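# Structural overview
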Amino acid sequence: MQLFARLAAVLSTYLGLMVAAEVAGYHPSPGDTPSMLHTHQRQKRDWIWNQMHIDEEKNSSLPHLVGRIRSSVNSKNTKYVLKGDSVGKVFQVGENTGNVYAFERLDREKVPEYSLTAFIVDKDTNENLAPPSNFTIKVHDINDNWPVFTHKLFNASVPEMSPVGTSVIRLTAVDADDPTVADHASVLYQILKGDGLFDIDNTGSIYTTTKTLDREKKAKYEVVVEARDGQGLRGESGTTTVLITLQDINDNFPIFTQTNYTFMVPEDIRVGSSLGSLFVKDPDEPQNRMTKFNIVQGEYRDTFTIETDPDRNEGIIKPMKPLDYELIQKYTFTIEATDPTVNLGYLREIRGKNKARVTISITDVDEPPVFEKHFYQFSLQENQKKPMIGSVRATDPDKAKNKIGYSIRRTSDKGQFFQITKEGIIYNEKELDREVYPWYNLTVEAKELNSEGVSTGKESIVQVHIKVLDENDNPPEFAQPYEPKVCENAAQGKLVVQISATDKDITPEKVKFKFALSSDDSNFTLTDNHDNTANITVKYGQFDREHTKFHYLPVLISDNGKPSLTSTNTLVVAVCKCNDRGEFTFCEETAAQMGISIQALVAIFLCILTITVITLLIFLRRRIRKQARDHGKNVAEIHEQLVTYDEEGGGEMDTTSYDVSVLNSARHGTTKSQPMLEARPAAYTTAQKPRRVAPGSHRGPGEMAAMIEIKKEEADLDGAGPPYDTLHIYGCEGSESVVESLSSLSTNSSDSDVNYDFLNDWGPRFKMLAELYGSDPREEVLY
């Protein structure tokens, strides 16, 4: 092959030279003479070459002769010169011969050709003797490269159970050799490792060779591919690895993890809440799991439902209605797990593993009472007391069947109009007024009671709606406040006002109100229009405004109810001054009328009576205190007669200023004279103090008790002494004392000039002192 390549290169060079010689020639200018044209009919070209060739990676020793450049300039003093990027590095030329040499082994895959410029210059002056010429040196390719893959590792995927021939991925290997040379750049592919499940064609496309690829058995495969050129050249970089992942399809049914499921739930479980989970196994990936659970035996389909949790692929059993232990204690049924989206073409045999048995046991719970109805509605005529408006009934749903107690929540009956018996009968204790409350919404509680009649804590409530029926208990009245006016010179028959009536009771469609004046002695006439309205007109005409500015017309209004009710409504007609056109020019304002009910009058009377009683009490108290001050004595004038005053001080001279015999006579019930006090010693002088004991010694526990008994005996035997609880002993001292009274019993007297109210500002510690010595706010009110 290399010989053929070299022959082709020589032939190409030869043909190039011939073509260059053929197209080159001399073109004479217009100034040339015919003789010159005859002599030189064909001019030789300057350069006789155009292109050179050299093989890449030549094994011979350097330098390699590439070719020879020649010029038609005939001069011995010339030399050849090459210029270009690769001159001096890769190529050089012989100055005299024109031979071009390569001083490096060339690689076509790096540089396929080189562009150079040839010059022929004078050796001495380096001037160009001919125009420069550009030429090209092409590097001939040899098969020195093997195919190379773009990546060492490829990732690919294909659905599982794909048919034979399904394309997986297309690989590409690149050969750097010249593709124009036969078999140099052509690539052939071969699978070195693939378990016989995959193959590759000449285009690099990998495809399946079997239809039984199952992701659930093996999800990934590793395929090794080799690439070589047409001449069989291969290398280490000519292989690559392809990781093929099988994509999941929904080709598996869900399978229960167990054949029996047992649950135990209380009967009071909330409707819609989870009571248990059913677990299944599906080898498909989550996005291909569409499990659906069904109850095969449909007798309990209205009691339970099974919802699918898509995240965990499990069934959740929920009750659809309340469970009752007293009715059914156990539920048993068969369930089935299916997948409606499964690909039946790839479905395997499941052998009944998608069915299971479920058993749900209900446990008893102490439940609250249950009312027979969700709500109750009764009616009652107003203004009546009815012993039985209606009745409610609740029962204990448990087996114990405990008794039920009833009550009405006070928050729903704030007026306490209704009561309920232990049998659930509702009655009213007060009459009802429909015009106040047309409806009453009661909340009745039913509480479960044990055998002792005590509540067990289980209770239920129900709403009871009582409608108050209307009766004709309200007379009709004016539909609105009327303020009629009439001109003092009004003519006979002049319409003053048209009146209508209304009724607080429920007014039927065919209600008829009748109007009439209670007396005919007025200058007005009432005409009933028989359409629930009436006209007030002038009866005689001409009013005397200076005599009467307002006319009060009592209007009788009756309804056609059973019984018929009549009311008297006063219509106040103002007499006004008018101009010639009958327009009002001046009218007095109607005095505001205020009606006071009997309840308001009673309340006002009670307030007046209370104020009168309080005022009288305050007056009596002030009078009593004033009398006490008038009959009382000053402190300095009150003397105390003491039997014996042994202590030092100015009180010894007061022993004769008060005669205690008066008190003694009153004490013994006689008024006869008593012996002088000084004739006998006082009881205090005969009392002896207990003996002193030595320090450190301990008195007996009875010494103090004995001392108290001695003192008591002395007091009992002393008939001349005053009683110990008399105020004279402690209240005051005699007038002879220069220090005046030392007693604290009268320090809170209002006669003191010291104001002790500041004690209130000293805090809680001085609260007691402030109350004793401070002024009483209640007493200040009296003054």
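Criteria and thresholds
- Residues numbered from 1 in each chain as written.
- Predicted model: local features only at pLDDT ≥ 70, side-chain atom pairs only at ≥ 80, totals over all residues.
- Heavy atoms only, no water.
- Helix = DSSP H or I, 4+ residues; strand = E, 2+ residues; numbered from the N terminus.
- Buried < 20%, exposed > 50% of the residue type's maximum accessible area, 1.4 Å probe, protein only.
- Contact = heavy atoms within 4.5 Å.
- Disulfide = S-S within 2.5 Å.
- Pairing = 2+ DSSP bridges.
- Axes fitted to C-alpha atoms, helices over the stretch in contact; angles between N-to-C directions.
- Phe/Tyr/Trp six-rings, centres within 6.5 Å; stacked < 30°, edge-to-face > 60°.
- Lys NZ or Arg CZ within 6 Å of the ring centre and 35° of its normal.
- Core = buried A, V, L, I, M, F, W, Y, C linked by side-chain atoms within 4.5 Å.
- Lys, Arg positive; Asp, Glu negative; His and termini not counted.
- Salt bridge = Lys/Arg side-chain N within 4 Å of Asp/Glu carboxyl O.
- Patch = residues over 30% accessible without salt bridge, like charges linked within 9 Å, V, L, I, M, F, W, Y side chains within 5 Å.
- Areas by Shrake-Rupley, 256 points an atom, 1.4 Å probe, with all protein chains shown as cover.
- Expected span 1.5 Å × (residues − 1).
- Arc of directions from axis to C-beta.
- pLDDT = per-residue confidence, 0-100.

## Points about the overall build of the chain
When you go through the chain residue by residue, the secondary structure sums to 9 helices and 42 strands. Counting every position in the chain, which comprises 783 residues, the buried fraction comes to 34%. Looking at the chain alone, contacts between residues at least 24 apart form 67% of all its contacts between residues at least 6 apart.

## Re unusual backbone geometry
In this structure, the amide linkage connecting Lys562 to the following residue, Pro563, adopts the cis form with an omega of -5°. For Pro563, the location among the structural elements is in the loop between strand E40 (550-558) and strand E41 (566-578). A positive phi angle, near 60°, is found at Asn126, a position not held by glycine. Examined against the element boundaries, Asn126 turns out to sit in the loop between strand E6 (113-122) and strand E7 (133-140). By relative accessible area, which is 48% here, Asn126 ends up partly exposed.

## Things to note about the state of the cysteines
Scanning the model with the defined rule gives 2 disulfides in all. The partner cysteine of Cys487 in its disulfide is Cys578, sulfur to sulfur 1.9 Å. The disulfide joining Cys487 to Cys578 has a torsion of about -90° about its S-S bond and is therefore left-handed. In this pair, Cys487 is assigned in strand E35 (residues 485-487) and Cys578 in strand E41, connecting sequence segments 91 residues apart. By relative accessible area, Cys487 is classed as buried at 10%. Each sulfur in the disulfide pair Cys576 and Cys587 lies 1.7 Å from the other. Between Cys576 and Cys587, the S-S dihedral sits near 125°, and the bridge is therefore right-handed. Separated by 11 residues along the polypeptide, Cys576 in strand E41 and Cys587 in the loop between strand E42 (584-586) and helix H3 (598-631) bring together distant segments of the chain. Residue classification places Cys576 among the buried positions, given a relative accessible area of 0%. Each disulfide of the chain joins two cysteines, and with those cysteines numbered along the sequence the arrangement is 1-3, 2-4.

## Side note on the sheet that holds strand E4 (residues 91-93)
Strand pairing in a sheet takes place through backbone hydrogen bonds and is either antiparallel or parallel in direction. Read across the sheet, 3 strands follow the order E2-E5-E4 without closing on themselves; strand pairing throughout is antiparallel. With partners counted over all chains shown, the strands left at the sheet margins are strand E2 (64-68) and E4, one partner each. Adjacent strand axes in the sheet meet at a mean angle of 25°, parallel and antiparallel pairs treated alike. Two elements, E2 and strand E5 (residues 99-102), share 4 bridges in a ladder whose sense is antiparallel. Residue Leu65 lies in a different strand from E5, and its bridge partner there is Tyr101.

## Considering the packing of aromatic side chains
The tally for this structure, following the rule as stated, stands at 15 aromatic pairs. When the ring centre of Phe119 is taken as reference, the NZ or CZ atom of Lys83 above it lies at 4.9 Å.

## Overview of the nonpolar core
Side chains that are nonpolar tend, in soluble globular proteins, to be buried together. By size, the foremost hydrophobic cluster in this structure holds 26 residues, and its most contacted members are Val486, Ile499, Phe515, Val555 and Leu571. Broken down by secondary-structure element, the contributors of at least two residues to this core are E35, strand E36 (495-502), strand E37 (514-517), strand E38 (524-528), strand E39 (533-538), E40 and E41. Residues in contact with Val486, not counting those within four places in the same chain, are Val496, Phe524, Val538, Phe543, Val573, Ala574, Val575, Cys576 and Phe584. Among the nonpolar cores identified, the runner-up in size contains 24 residues, and Phe256, Val265, Phe293 and Ala356 belong to it.

## Here's the deal with the sheet that holds strand E15 (residues 220-229)
Overall, mixed pairing links the 4 strands, which are arranged E9-E16-E15-E12 in an open sheet. Because the sheet does not close on itself, it has two edges, and the strands there are strand E9 (153-159) and strand E12 (187-193). In this sheet, neighbouring strand axes are inclined to one another by 30° on average, regardless of whether the strands run parallel or antiparallel. Looking at chain direction, E12 and E15 are connected through 6 bridges and run antiparallel. Residue Gln190 lies in a different strand from E15, and its bridge partner there is Glu226.

## Points about the side chain of Asp339
Relative to the assigned elements, Asp339 resides in the loop between strand E23 (330-338) and strand E24 (355-363). Buried charge Asp339 goes without a salt bridge, the closest partner of opposite sign being Arg289 at 8.3 Å. Non-local contacts of Asp339, meaning those with residues more than four positions away in its chain, are made with Asn250, Asn252, Phe253, Pro254, Asp282, Asn288, Arg289 and Met290.

## Concerning a nonpolar patch on the surface
A grouping of Val602, Phe605, Leu606, Leu609, Val613, Leu616, Leu617, Phe619 and Leu620 is seen on the molecular surface, where their side chains present a nonpolar patch of about 860 Å² in accessible area. Structurally, Phe619 is set in helix H3.

## Considerations on helix H6 (residues 703-717)
For H6, spanning 15 residues, the distance from its first C-alpha to its last is 21 Å, which sits close to the expected 21 Å at 1.5 Å a residue. Of all the positions in H6, only Met707, Glu714 and Ala715 are classed as buried. End-on view of H6: buried residues confined to an arc of 100°, all on one side of the axis. Turned more than 90 degrees away from the buried face of H6 sit Asp716 and Leu717, all of them exposed.

## Focus: the confidence of the model for the chain
Mean pLDDT over the chain works out to 76, with 73% of the residues at or above the 70 mark. Confidence over residues 12-45 falls short of pLDDT 50; this stretch has 16 contacts with residues more than four positions distant or in other chains.

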